[in-house]
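# Structural characterization, general
Residues per chain are reported as follows:
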Amino acid sequence: MGSAFDGIRVVEVAQGIAGPYTGMLLAEQGAEVIKVEPPQGDSARGTSSFHIWNRSKQSVVADLATHDGQALLHRLATTADILLLDAQPGDEADMGLSYDALAHANPKLIYCHLPAFGSKGPHARRYPDDALVAAIGGLLGSQWSHRDGGVHLVIPIASYGAAFVASSSIAAALYEREQSGHGQKLEVSWLAGAFAMQTGSVMYHPDLFRLFSARMNPLGPIPVYRLYQAQDDWLFIACGNPTFWNKLCLALEHPEWTADPRYERAPWAIAPEDRDALAEQIATIIATKPREAWLQILREHDVPCAPVTSRQEFIEHRQTIHNGMRVEMDDPQLGKTVQMGIPLRLSDTPGTIKGPAPMLGQHTAEVKAEPRATNNEPPSLQLSPQSSALSTPLQGVVVLDFASYIAGTLGPMVLAQLGANVIKVETPQGDAFRSFGFGFLGWNQGKRGLCVNLNSAEGREVVYDLVRKADVVVENLRPGATTRYGIDYTTLAQLNSRLIYATVTAFGSGGPDHDYPGFDPLRQSRSGIMRAQGGHDHPPFYLTCGICDYAAALLTAYGVAAALYARQRTGKGQRVETSLLNSSMAVQSGNFIFHEGRPDMENGAPDLWGTSAIYRIYPTADSSLFLAVVEPEHWSHLCELLGVADLPSRYDFSRAHHTPVDSPLSQALASQFANQTTATWLARLDAASVPAAPILPLPELFSDVHVAANNLLATHTHPHWNEVRQTGILTKFSRTPATLPCVAPQLGQHTTEVLQEIAGYDQEKIAQLLGSGAIKQS
């Protein structure tokens, strides 16, 4: 077979970002995607970004307000394996697209609904806009800044998160369907996407807010994980552990800092009163040399660092080109373009870009002329009672998680939600991010813990016995470490030819920069997002949400699920790979397209309020809200609500839409919004059909009735911290529901039971291994 989803047909009835991006991710791993558009086309047509999110597809026009349009769509649905739909909750039946009706005609159909805010709760039918979802989902309210009230983000993080989650969930549903023969309904809201992109922050415990209640600097949270300005330009230094802190002290020619009692708990636990002073000292030192000189010095000392560059520079970078993330494509509308490549690589079933985004209705006649085949024939597999009774999509799949930090560990956590049996395998030193305490829980929920000494021959044999029974291995060790430990792909694949081996690297497994250390902010810095968020002629701005880490992890989960599905057809395992470099482009996909006439997409600003006077954050009497006036009728309704008689005559919609955030119009609106509370304004705006949403800081998510209604939070009991609340279920499955089995494990908490259950060891052998130090049990 060529690609993982060869032979799979997707019918996409979605516009904008989340649904179309999901369709593109499926298409470029082999699926045939038919995009069904209204006569006026997808609302995103006319933007550069449309040509990324909709490449590799066919376009069919169907007017769903007509009998013929509905009949065409229903016929396509009977031939489909997957339906992507982003209709407002409750509108599916009116469109003739209810799951029950379509599943009756096609019982194998996997029906994925991507509503903006979820199908339940008071915001369920709020206007579908990514910034409004980001406001309610905590993304805007959690962004570090120099002021209160939230910061508008220049990329649609919630929609991207939803696309990543939907892709892995659909792949898992396909895997399950191969065993049961039945489809089902999935729901992945954009709001769930927002939660997926910040699982380490969506945490509630009293100690957490005592530790992190102060406003944080958008240049970086601590002095050695921060942006600095050299003589000529900006760079980022990312010393995320004590080893790198010590190396930085030597690089800056201040070895005495390593013994300074003020920095005894560096890098993350320096006392607040000492942080600013240290940052000022480092800033003074960095300002003495050009950036390139500092990058050379820091790299010679193995200090993680990166220059702040633009998206245009990044797509031309040598490692980007090596990774295949720069592709040239002739687009029928845009002409010659340079676009991002495929961010996820499956070694034996590689994806392909099938072509540019289609013209509106380009394939309508061709698709209408197809024979009237259906997808409702009985399952082709001979199913056993056991295989047809899966209770979760990935039930029975054993995952060995050798990863650490965020980019490596969150992917297996998503697989655990999908029902996989995930074992977190750690050395006695443990995951370096255990020191993050509550954050660690947000990246390792649903796993069991095993501790093994990989430096010992006995420890490696333990791992090999587990690998022989496993389905998946996930790792993100630095280059060379897997070979040193004897857990590289070549070695493990010889033990288990069906093994899916997933690797997350910083830059890729080969190429000129593959062995550089990498952390999320270094990819933010290099990939252009810091420059874009900060805006032209302003300092760069560090995004609080670790977009590169989270995107890499979610793409890994997608790649693993796709490879598991492919294995059902080929009988063979393979290697799955992504990198922070690739994911930094995937999470800015709509911006990584360059062509003549490309609009300015790098026009943010410090503490960004929004993009115009009528699409921005406004402080209210008690907090803040996001106003999203995106259609002419919204503007008419707002003017009527405010009762300013001459406003429509002075500003028609087009002029208001292009009026800057700091204009007299903005000032007039700001004075109005400041007079009443957010709740009062939302009631008035909702009644007038003007799109808006409250900006919720993270703590308020845990008391929000809409979040609770959509089951986006979970409560666990931790052995040390007692009750902990955190991110809940991301995808709702109608027939094989996702699961949240347990809180993140203690180091080696389940060593004995895992070795008994999976490796088949008896008590005598386990006792011998414990005595030799090959394994540990907490």
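Residues numbered from 1 in each chain as written. Predicted model: local features only at pLDDT ≥ 70, side-chain atom pairs only at ≥ 80, totals over all residues. Heavy atoms only, no water.

## Digging into the overall build of the chain
- A count of helical and extended segments in the chain gives 33 helices and 28 strands.
- The C-alpha atoms of the chain give 26 Å as radius of gyration, which agrees with the globular expectation for 778 residues (28 Å, within 12%).
- Summarising its shape, the C-alpha atoms of the chain cover approximately 80 × 70 × 50 Å along the three principal directions.
- For the chain, the proportion of its 778 residues judged to be buried stands at 62%.
- Long-range pairs, those at least 24 residues apart, make up 77% of the contacts in the chain between residues at least 6 apart in sequence.
- Summing over all exposed atoms, the chain offers an accessible surface of approximately 28,000 Å²; the carbon and sulfur share of this is 51%.
- Taking the average place of the 58 positive charges on the side chains of the chain and the average place of its 77 negative ones, the gap between the two points comes to 3 Å. (Helix = DSSP H or I, 4+ residues; strand = E, 2+ residues; numbered from the N terminus. Rg over C-alpha atoms; globule rule 2.2 N^0.38 Å. Buried < 20%, exposed > 50% of the residue type's maximum accessible area, 1.4 Å probe, protein only. Contact = heavy atoms within 4.5 Å. Areas by Shrake-Rupley, 256 points an atom, 1.4 Å probe, with all protein chains shown as cover. Lys, Arg positive; Asp, Glu negative; His and termini not counted. Charge placed at Lys NZ, Arg CZ, Asp CG, Glu CD.)

## A word on the environment of Leu72
- Among the secondary structure elements, Leu72 is positioned in helix 3 (residues 67-79).
- On a C-alpha basis, the gap between Leu72 and Phe653 in space is 36 Å, while along the polypeptide they are 581 residues apart.

## Here's the deal with the packing of helix 7 (residues 157-180) against helix 23 (residues 547-570)
- It is the contact of helix 7 with helix 23, at a shortest axis distance of 9 Å, that shows an interaxial angle of 20°. When the axis of helix 7 is compared with that of helix 23, the two are roughly parallel. Helix-helix and strand crossings are classified by hand; for helix 7 and helix 23 the assignment is left-handed.
- Taken together, the residues that form the contact of helix 7 with helix 23 break down as 17 nonpolar, five polar and three charged. (Axes fitted to C-alpha atoms, helices over the stretch in contact; angles between N-to-C directions. Parallel < 35°, antiparallel > 145°, perpendicular 65-115°, else oblique. Left-handed = near helix turned anticlockwise from the far one by under 90°. Nonpolar A, V, L, I, M, F, W, Y, C, P; charged D, E, K, R; others polar.)

## Some words on helix 7
- In a regular helix each residue adds 1.5 Å, so 24 residues correspond to 34 Å; helix 7 covers 34 Å between its end C-alpha atoms and thus fits that length.
- Most of helix 7 sits inside the fold, with 24 of its 24 residues counted as buried. (Expected span 1.5 Å × (residues − 1).)

## Some words on the packing of aromatic side chains
- One pass over the structure, following the stated rule, counts 30 aromatic pairs.
- Ring centres 5.6 Å apart and planes at 45° place the aromatic pair Phe433 and Trp443 in the tilted group. Of this pair, Phe433 sits in the loop between strand 15 (421-426) and helix 17 (438-444) while Trp443 sits in helix 17, and the two are 10 residues apart along the sequence. Both residues of the pair, Phe433 and Trp443, belong to the buried class.
- Lying over the aromatic face of Tyr651, Arg655 brings its terminal NZ or CZ to 4.5 Å of the ring centre.
- Across from the ring centre of Tyr761, 4.3 Å away, lies the NZ or CZ of Lys765, which sits over that ring. (Phe/Tyr/Trp six-rings, centres within 6.5 Å; stacked < 30°, edge-to-face > 60°. Lys NZ or Arg CZ within 6 Å of the ring centre and 35° of its normal.)

## Here's the deal with unusual backbone geometry
- Backbone torsion omega between Ala266 and Pro267 reads 5°, so that peptide bond is classified as cis.
- Within the secondary structure, Pro267 is located in the loop between helix 10 (242-251) and helix 11 (272-286).
- The phi dihedral of Glu253 falls on the positive side, at around 60°, and the residue is not glycine.
- For Glu253, the position within the fold is in the loop between helix 10 and helix 11.
- On the basis of relative accessibility, which here comes to 67%, the residue Glu253 falls in the exposed class.
- Unusually for a residue other than glycine, Asn711 sits at a positive phi of about 55°.
- By secondary structure assignment, the location of Asn711 is in the loop between helix 31 (705-709) and strand 25 (713-718).
- Owing to a relative accessible area of 40%, Asn711 belongs among the partly exposed residues under this scheme.

## What about the confidence of the model for the chain?
- Looking at the chain, the pLDDT average stands at 94 and 97% of residues meet or exceed 70.
- Note on residues 378-387: pLDDT is under 50 here. Beyond four places in sequence and across chains, it has 12 contacts. (pLDDT = per-residue confidence, 0-100.)

## Describing helix 10
- Restricting attention to buried positions, one finds in helix 10 the residues Phe244, Trp245, Leu248, Cys249 and Ala251. Looking down the long axis of helix 10, one finds its buried residues gathered within 160° of arc, a one-sided arrangement.
- Buried residues along helix 10 sit in contact with strand 9 (234-238), helix 11 and helix 12 (291-300).
- Between the side-chain oxygen of the N-cap and the backbone nitrogen of Thr243 there are 3.1 Å, and the N-cap of helix 10 in question is Asn241.
- Just downstream of helix 10, Glu253 is the residue with a positive phi angle, here 60°. (Arc of directions from axis to C-beta. Polar contact = N/O pair within 3.5 Å; in protein donor to acceptor, adjacent residues only side chain to side chain.)

## Concerning the pattern of salt bridges
- Counted according to the given criterion, the structure contains 30 salt bridges.
- Put simply, Asp260 and Arg262 hold a salt bridge, and the shortest N to O gap is 2.8 Å.
- Under the relative-accessibility criterion, Arg262 is labelled partly exposed at 40%.
- Taking the shortest distance from any N to any O, the salt bridge between Asp431 and Lys424 comes out at 3.1 Å. Lys424 matches Asp431 in its accessibility class, with the two residues each being buried.
- By sharing partners, the salt bridges in this structure join Glu12, Lys35, Asp42 and Lys57 into a single network. (Salt bridge = Lys/Arg side-chain N within 4 Å of Asp/Glu carboxyl O.)

## Things to note about the sheet that holds strand 15
- Taking strand neighbours across the sheet as the criterion, the eight strands line up as 13-19-18-17-14-15-16-28 in an open arrangement whose pairing is mixed. A single partner strand is all that each edge strand has here, and the edge strands are strand 13 (345-346) and strand 28 (775-776).
- For strand 14 (residues 398-401) and strand 15, the ladder comprises four bridges, and the chain directions are parallel. For Val398, the partnering residue across the bridge sits in strand 15 and is Asn421.
- Each of strand 14, strand 15 and strand 17 (472-475) touches helix 16 (residues 410-417); the most contacted strand, strand 15, lies at about 155° to it.
- Most of the contacts of helix 32 (residues 751-759) go to strand 16 (residues 448-452), to which it runs at about 95°, and overall it touches strand 14, strand 15, strand 16 and strand 28. (Pairing = 2+ DSSP bridges.)

## Some points on the pairing of strand 16
- With five of five residues buried, strand 16 lies mostly within the body of the structure.
- By the alternation rule, side chains of strand 16 split into Arg448, Leu450 and Val452 and Gly449 and Cys451, which are all buried.
- In this fold, strand 15 hands off to helix 17, which returns the chain to strand 16; that crossover is right-handed. (Right-handed = clockwise from strand over helix to strand, strands pointing away.)

## Overview of the sheet that holds strand 20 (residues 593-595)
- A sheet is described by the order of its strands in space; here three strands give the open sequence 11-12-20, paired in antiparallel fashion. This sheet does not close on itself; its edge strands, each paired only once, are strand 11 (326-331) and strand 20. Pairs of neighbouring strands in the sheet enclose a mean axial angle of 25°, with direction left out of account.
- In this structure, strand 12 (residues 335-340) lies alongside strand 20, joined through three bridges in antiparallel fashion. Across the sheet, Val338 pairs through a bridge with Phe594, a residue of strand 20.

## Observations concerning the environment of Glu273
- Looking at the element boundaries, Glu273 is found in helix 11.
- In this structure Glu273 comes out as exposed when scored by relative accessible area, which is 60%.
- Taking the C-alpha atoms as reference points, Glu273 and Arg262, separated by 11 residues in sequence, lie 9.7 Å from one another.

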